[in-house]
Amino acid sequence: QVQLVESGGGLVQAGGSLRLSCAASGSFFSINVMGWYRQAPGKQRELVATITDGGSTNYADSVKGRFTISRDNAKNTVYLLMNSLKPEDTAVYYCTTKAVVTMLTIKDYWGQGTQVTVSS
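Residues numbered from 1 in each chain as written. Predicted model: local features only at pLDDT ≥ 70, side-chain atom pairs only at ≥ 80, totals over all residues. Heavy atoms only, no water.

Caption draft 1: How the structure looks around the overall build of the protein. Per the secondary structure count, the protein includes zero helices and 11 strands. In the protein, the order of α-helices and β-strands from amino to carboxyl end is β-β-β-β-β-β-β-β-β-β-β. Radius of gyration (C-alpha) of the protein: 14 Å, near the 14 Å computed for a compact globule of 120 residues. In terms of principal-axis extent, the alpha carbons of the protein reach across some 50 × 25 × 20 Å. Counting across all 120 residues of the protein, residues that qualify as buried make up 41%. Contacts in the protein between residues far apart in sequence, at least 24 positions, make up 54% of those at least 6 positions apart. Summed over its atoms, the accessible surface of the protein is roughly 6,300 Å², and 50% of this surface lies on carbon and sulfur atoms. Positive and negative side-chain charges in the protein, numbering 11 and 8 respectively, have mean positions lying 1 Å apart. (Helix = DSSP H or I, 4+ residues; strand = E, 2+ residues; numbered from the N terminus. Rg over C-alpha atoms; globule rule 2.2 N^0.38 Å. Buried < 20%, exposed > 50% of the residue type's maximum accessible area, 1.4 Å probe, protein only. Contact = heavy atoms within 4.5 Å. Areas by Shrake-Rupley, 256 points an atom, 1.4 Å probe, with all protein chains shown as cover. Lys, Arg positive; Asp, Glu negative; His and termini not counted. Charge placed at Lys NZ, Arg CZ, Asp CG, Glu CD.)

Written out as structure tokens, the structure reads:
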């Protein structure tokens, strides 16, 4: 079982920056992939960025060059540094992970979400 707790959301002016954090806790063997999704009102949830346990990253085209995902394996924490924020980045941001919770079981987990609002 894995619990994910996000923090760092808030209100920021266009062009500003925010740093989101997501800490994983519980009982698991390992966390293979951690990432961030976002969902704006009336829109589908979309992938923002992912990072593997080996440090390989993947970004949505809309955030490449502006957002940076990183992780601290010792703290079981993933971060999302968001620079040059745009109003279109406004959404609820969700932390997610694929975790090996037993020798034979891999499950997806989601955090509660944190609101990011970018004003023009």
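Caption draft 2: Geometry of the packing of aromatic side chains. Counted under the stated rule, the structure contains one aromatic pair. Consider the rings of Tyr37 and Trp110, whose centres lie 5.2 Å apart with planes at 65°: the pair is edge-to-face. In this pair, Tyr37 sits in strand β4 (residues 30–39) while Trp110 sits in strand β10 (residues 105–110), placing the two residues 73 residues apart along the sequence. We classify Tyr37 as partly exposed; its relative accessible area is 24%. The ring of Tyr94 has Arg45 lying over it, and the distance from NZ or CZ to the ring centre is 3.9 Å. (Phe/Tyr/Trp six-rings, centres within 6.5 Å; stacked < 30°, edge-to-face > 60°. Lys NZ or Arg CZ within 6 Å of the ring centre and 35° of its normal.)

Caption draft 3: Spotlight on the state of the cysteines. Across all of its chains, the model carries one disulfide by this definition. Between the sulfur atoms of Cys22 and its disulfide partner Cys95 the distance amounts to 2.1 Å. Between Cys22 and Cys95 the disulfide shows an S-S torsion of about -85°. By sign, it is left-handed. With Cys22 in strand β3 (residues 18–26) and Cys95 in strand β9 (residues 91–102), this residue pair connects regions lying 73 residues apart in the sequence. (Disulfide = S-S within 2.5 Å.)

Caption draft 4: Quick peek at the environment of Ala23. Mapped onto the elements of the fold, Ala23 is located in strand β3. Ignoring any residue separated from it by four or fewer positions in sequence, one finds Ala23 in contact with Gln3, Leu4, Val5, Asn76 and Thr77.

Caption draft 5: Molecular detail of the pattern of salt bridges. Counted by the stated rule, this structure contains five salt bridges. One salt bridge connects Asp108 with Lys98, and the closest N-O pair in it is separated by 2.8 Å. Of the two residues, Asp108 sits in strand β10 while Lys98 sits in strand β9, which places them 10 residues apart along the sequence. Using a relative accessible area of 41% as the deciding quantity, one classes Lys98 as partly exposed. Each of Arg38, Glu46, Arg66 and Asp89 takes part in one network of salt bridges that share partners. (Salt bridge = Lys/Arg side-chain N within 4 Å of Asp/Glu carboxyl O.)

Caption draft 6: Summary view of the pairing of strand β8 (residues 77–82). The buried fraction of β8 amounts to five of the six residues, a majority that puts the element mostly inside the structure. Here β3 runs beside β8; their pairing, made up of six bridges, is antiparallel. In the strand pairing of β8, Arg19 is matched with Leu81. Inspection of the sheet shows strand β7 (residues 67–72) paired to β8 by six bridges, in the antiparallel sense. In the strand pairing of β8, Thr68 is matched with Leu81. Counting the residues between successive antiparallel strands, the hairpin from β7 to β8 contains four residues, one of them, Asn76, with a positive phi of roughly 50°. (Pairing = 2+ DSSP bridges.)

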